[in-house]
Amino acid sequence: MEDHQQNQEDLDRAYAAKQPFATKEQIESLVQHYPTPFHLYDEAGIRKNMEAIRDAFAWNPGFKEYFAVKANPNPRLISILREYGCGADCSSDTELMIARSLGITGSDIMFSSNNTPAADFALASELGATINFDDITHIDFFERTAGAVPKTVSCRFNPGGLFQLANGIMDNPGDSKYGMTEEQLFDAYRMLKEKGAETFGLHAFLASNTVTNEYYPALARILFDLARRLQEETGCRVGFINLSGGVGIPYRPEQQANDIRAIGEGVRRAYEEILVPAGMDDVAVFAEMGRFVMGPYGCLVTRAIHTKDIYKHYVGVDANACNLIRPAMYGAYHHVTVVGQPGGPDKTHASADAVYDIVGNLCENNDKFAVDRAMPHIDIGDLLVIHDTGAHGHSMGYNYNGRLRSAEVLLRSDGTDELIRRAERPDDYFATLDVLPEGRALINACRDCGGKDE
Ligand SMILES: *Cc1c(COP(=O)(O)O)cnc(C)c1O
């Protein structure tokens, strides 16, 4: 019983501690200018975290973070990351175009794609990106469709089987479509060397959203050892090890955030133990973090527009899964805070007034941001903050039910705000119907109407 009480107190404290990065006053002021829903980003938080990442890997002179563009392709946010020396990890031609538009080219692009279309390889090649081959057959395919194999290349490894860490976190590489077997990797290195490659990289992504400081160090040990054997047996010079993404964030209040300094230190120890004795002390460490770089520094601001009491209690908000699909797609937890609820931080889990399903308006019953969630009482008109939407939030959006994707707003370090993507309008949704006369009429009708509204 006492144990249980202690746990409840810990949980209450954790809930109280997980607050939005913007104050009640800031959010109430923002909704005067920007209709809900919108994604809001925290410039100060992004910068502070980037400094921590830079410091954690400062021991490795070649260290580079290639931000995973798919996590958040907003150019304004990527240009903030550029100030900290970030490159771009792209996996499609449009992501490459975003990189190019920001002046990110050459070795500042890591092209980590899979099942890659020819056009994507062609653009990556044109931009001089570092190609991270997902499969051994892609080497020939690249030559046929994009040109000669570049001097610097990388290969993606998949060890198969189950990947397990001491704390039980694991993933199932044996069931994942990515990467090459060890045998293929040795062959690929030899093949690429024959085709003129001179500097080689090694990449793997073995577990997603790991909330433990052990993941990167454990992965580094696997890759460092493999790199040592590859260099020894093939004579290929390994120039970099790419630890990819997978460093997670505490979506749940009771989770302990990763300590990037401890992660960097763990990787350094593995480097000292494995690469340095092998005479490989000039190997650069790369990362392709998306979630860890942007996840906590975005949130979805939405408003309760209906409540409904049938067999369960529902709160209907003006956002839906088109704005944030992770809960619908993976059953992912996203913390929800009611802005300015009396008691705010004190209105914790234990003292919750109600148990709600917080739902969007799609005609899909999985369009729920929270299911059976203990919450403070919510009234129609209340503003809600859905936390941790900075990565794989807006970027995973879609248009089911003809629902439109929201705006993105940056809360700048100086407290001012900036619209960094407008909300979609009906004419955006209809734009691809311009091949039809009735489509063009539809587009023009909404433009006329939109014009009058403004
Ligand atoms: C998705 C992805 C990432 C980013 O993963 P996070 O978990 O967001 O850090 C990095 N590299 C590749 C190849 C990916 O597919």
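As a convention, each chain's residues are numbered from 1 in the sequence order in which they are written. Where totals are concerned, whole chains, interfaces and linings use all residues; where local detail is concerned, this predicted model gives features only for residues with pLDDT of at least 70, and gives and counts side-chain atom pairs only at 80 or more. Just so you know, side-chain values use all the structure's heavy atoms and leave hydrogens and water out.

1. Examining the packing of aromatic side chains
Stacked, tilted and edge-to-face pairs are distinguished by plane angle, under 30 degrees for stacked and over 60 for edge-to-face with tilted covering the rest, among Phe, Tyr and Trp rings (Trp via its six-membered ring) whose centres lie within 6.5 Å. Under the definition given, this model contains 16 aromatic pairs. Between Tyr66 and Phe286, the ring centres sit 5.1 Å apart and the planes meet at 65°, which makes this aromatic pair edge-to-face. Residue Tyr66 is located in strand β2 (residues 64-68), and its partner Phe286 is located in strand β11 (residues 284-287); the two are separated by 220 residues in the primary sequence. Of the two residues, Tyr66 and Phe286, both sit in the buried class. Pairing Phe224 with Tyr271 gives two aromatic rings, centres 5.7 Å apart and planes at 85°, and the pair type is edge-to-face. Separated by 47 residues along the polypeptide, Phe224 in helix α9 (residues 215-234) and Tyr271 in helix α10 (residues 260-275) bring together distant segments of the chain. Note on exposure labels: buried denotes an accessible area under 20% of the residue type's maximum, exposed denotes more than 50%, and partly exposed covers the range between, all computed with a 1.4 Å probe on protein chains only. Here Tyr271 falls in the buried class, since its relative accessible area comes to 4%. Feature note: the residues Phe57, Trp59, Phe63, Phe224 and Tyr271 constitute an aromatic cluster, connected by ring pairs. Numbering of helices and strands runs from the N terminus, with a helix taken as a DSSP run of H or I at least four residues long and a strand as a DSSP run of E at least two residues long.

2. Structural notes on helix α8 (residues 182-194)
A helix is expected to span 1.5 Å for every residue after the first. With 13 residues, α8 ought to run about 18 Å at 1.5 Å a step, and its terminal C-alpha atoms sit 19 Å apart, in line with that. Every buried residue belonging to α8 is among Leu185, Phe186, Ala188, Tyr189 and Leu192, and all of these are buried. Axial view of α8: buried residues confined to an arc of 160°, hence all on one face. More than 90 degrees from the buried face of α8, the exposed residues found are Glu183 and Glu194. Check the buried side of α8 and you find it contacts β5 (130-133), α7 (138-145), β6 (152-156), β9 (199-203), α9 and β10 (237-242). Downstream of α8 by a residue or two, Gly196 has a phi angle that is positive, lying close to 105°. In this description, one arc is meant: the one made by directions from the helix axis to the C-beta atoms. Contacts are assigned to residue pairs that have any heavy atoms within 4.5 Å of one another.

3. Thoughts on the pattern of salt bridges
Close approach of charged atoms allows side chains with opposite charge to pair. We define a salt bridge as a contact between a side-chain nitrogen of Lys or Arg and a carboxyl oxygen of Asp or Glu at a distance within 4 Å. Summed over all chains, the structure comprises 28 salt bridges. Where Arg47 meets Glu43, a salt bridge forms, and the shortest distance between an N and an O atom there is 2.8 Å. Placement of both Arg47 and Glu43 in helix α3 (residues 43-56) is noted, with a separation of four residues, approximately one turn of the helix. Salt-bridge contacts for Asp55 lead to Arg54; the nearest nitrogen and oxygen are separated by 4.0 Å.

4. Re the pairing of strand β13 (residues 313-317)
Of all five residues making up β13, four are buried, and the element is well covered by its neighbours. In this antiparallel pair of consecutive strands, strand β12 (residues 298-309) and β13, the connection spans three residues. Here, any two strands with at least 2 DSSP bridges between them count as paired. Here β13 pairs with strand β15 (residues 354-359) via three bridges, running parallel. Paired with Val315 across the two strands is Ile358, which belongs to β15.

5. Description of the UniProt feature "active site" (unreviewed entry) in the protein chain
UniProt positions are given in the numbering used here, feature names are shortened, and annotations may be inferred rather than shown by experiment. According to UniProt, the "active site" (unreviewed entry) feature falls on Cys363. Residue position: Cys363 is located in the loop between β15 and β16 (368-375).

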